[in-house]
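The lines below spell out each chain.
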Amino acid sequence: DTGVSQDPRHKITKRGQNVTFRCDPISEHNRLYWYRQTLGQGPEFLTYFQNEAQLEKSRLLSDRFSAERPKGSFSTLEIQRTEQGDSAMYLCASSLEVAYGYTFGSGTRLTVV
Amino acid sequence: GQNIDQPTEMTATEGAIVQINCTYQTSGFNGLFWYQQHAGEAPTFLSYNVLDGLEEKGRFSSFLSRSKGYSYLLLKELQMKDSASYLCAVRDRTGSGGYQKVTFGTGTKLQVIP
């Protein structure tokens, strides 16, 4: 297994456009998480899936954000009508058991211009 | 909610020992993690403590005191490659849907100098 994969690595978009990111977790991991990280800050929780079910979503997440995990495998995170404040690193992580910690992907760096 | 505190920056000398502290306040504590994050890269898991005491893993050790809301990460025989941010993260059992939320601190940027 090659770990958690995220695509694309970098995305530059104009304000108001929609963007979609993809995450492929480690195959045997049933838990998948999306976090957002800005410079000098720790990762901030966005949403959590157990298998295909989205069980938790941060109150900080506006209606412009939506995430899916069809069939409990890969996940997508979509941001509609992007704003400059959405510029950040979007990190995906997966885990099997919490005690082993999360395995993070390399992230997608979004720049909204 | 949760409140996690760590020093913003630390500097230490190659070969030395450094201790990075983390204090937290949470209503439903259920575990503490330490992650290492090199600049421009994703965090990587270092350790997990749920019971009081010291967990040792090679050059890295992590300590937890639940009654004091306190943890530290101890790095021995520092190497230049240990220069990175170290993130303390706390798991809270008060989440909904079976999810126990993990909240990260802002991280401690460690610089190792020759």
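The structure presented is a predicted model; accordingly, all values stated were derived computationally and were not measured.

Q: I'd like to hear about the overall build of chain A, residue by residue, with values.
A: If you tally the helices and strands in chain A, you get zero helices and 11 strands. Secondary structure elements of chain A, listed N to C terminal, follow the sequence β-β-β-β-β-β-β-β-β-β-β. For 113 residues, the compact-globule formula gives about 13 Å, and the C-alpha radius of gyration of chain A, at 13 Å, lands near that figure. Viewed in the frame of its principal axes, chain A has a C-alpha envelope of about 40 × 25 × 20 Å. Taking all 113 residues of chain A together, the buried fraction comes to 49%. Pairs at least 24 residues apart make up 54% of the contacts formed inside chain A by residues separated by at least 6 positions. Looking at chain A as shown, the accessible area adds up to about 5,800 Å², and 44% of this sits on carbon and sulfur atoms.

Q: Outline the packing of aromatic side chains, listing residues and values.
A: According to the stated counting rule, one finds 20 aromatic pairs over all chains in the structure shown. Measuring from ring centre to ring centre gives 5.2 Å for Tyr33(A) and Tyr48(A), while their planes differ by 20°; the resulting arrangement is stacked. Linking Tyr33(A) in strand S4 (residues 31-37) with Tyr48(A) in strand S5 (residues 44-50), this pair joins segments that are 15 residues apart in sequence. For the pair Tyr33(A) and Tyr48(A), one class covers both residues: buried. Ring geometry for Tyr35(B) against Phe45(B): centres 5.9 Å apart, planes inclined by 70°, an arrangement best described as edge-to-face. On the criterion of sequence distance, the pair formed by Tyr35(B) in strand S4 (residues 29-37) and Phe45(B) in strand S5 (residues 44-49) is long-range, its members being 10 residues apart. An aromatic cluster of at least three residues, connected via ring pairs, comprises Tyr33(A), Tyr35(A), Phe45(A), Tyr48(A), Tyr102(A), Phe104(A), Phe33(B), Tyr35(B), Phe45(B), Tyr48(B) and Phe104(B). Here Arg22(A) stacks its cationic end above the ring of Phe74(A), 3.9 Å away from the centre of that ring.

Q: So what's going on with the interface of chain A and chain B? Which residues, and what values?
A: Tallying the contact residues gives 20 residues for chain A and 18 residues for chain B. When chain A packs against chain B, the two sides together hide about 1,600 Å² of surface, and 60% of this comes from carbon and sulfur. For the pair chain A and chain B, the number of links is zero salt bridges. Elements with a minimum of two residues in the side of chain A that touches chain B: S4, S5 and strand S6 (53-57) of chain A. Considering every element that reaches the side of chain A that touches chain B, the biggest residue donor is S4(A), with three residues. Classifying every residue of the side of chain A that touches chain B by side-chain character gives 12 nonpolar, seven polar and one charged.

Q: Help me get a handle on the pairing of S5(B), residues and values and all.
A: All names here are of chain B. In this structure, S4 lies alongside S5, joined through five bridges in antiparallel fashion. Bridging across to S5, Phe 33 finds its partner in Tyr 48. Hairpin connection of S4 to S5: six residues between the antiparallel strands, including Gly 40 at a positive phi of 75°.

Q: Before we move on, can you summarise the pattern of salt bridges with the specific residues and values?
A: Inspection of the entire model under this criterion finds seven salt bridges over all chains. Ionic pairing is found between Asp86(A) and Arg64(A), a salt bridge with its closest N-O pair at 2.8 Å. Here the residue Asp86(A) occupies a position in the loop between strand S8 (75-79) and strand S9 (88-95), and Arg64(A) occupies one in the loop between S6 and strand S7 (65-68), the gap between them amounting to 22 residues. For the pair formed by Asp86(A) and Arg64(A), the shared burial category is buried. For Lys76(B), the salt bridge is made with Glu56(B), and the minimal N-O distance between the two is 3.6 Å.

Rules behind the numbers
- Residues numbered from 1 in each chain as written.
- Chains lettered and ligands numbered in written order.
- Predicted model: local features only at pLDDT ≥ 70, side-chain atom pairs only at ≥ 80, totals over all residues.
- Heavy atoms only, no water.
- Helix = DSSP H or I, 4+ residues; strand = E, 2+ residues; numbered from the N terminus.
- Rg over C-alpha atoms; globule rule 2.2 N^0.38 Å.
- Buried < 20%, exposed > 50% of the residue type's maximum accessible area, 1.4 Å probe, protein only.
- Contact = heavy atoms within 4.5 Å.
- Areas by Shrake-Rupley, 256 points an atom, 1.4 Å probe, with all protein chains shown as cover.
- Phe/Tyr/Trp six-rings, centres within 6.5 Å; stacked < 30°, edge-to-face > 60°.
- Lys NZ or Arg CZ within 6 Å of the ring centre and 35° of its normal.
- Buried area = accessible area lost by both parts, 1.4 Å probe.
- Salt bridge = Lys/Arg side-chain N within 4 Å of Asp/Glu carboxyl O.
- Nonpolar A, V, L, I, M, F, W, Y, C, P; charged D, E, K, R; others polar.
- Pairing = 2+ DSSP bridges.

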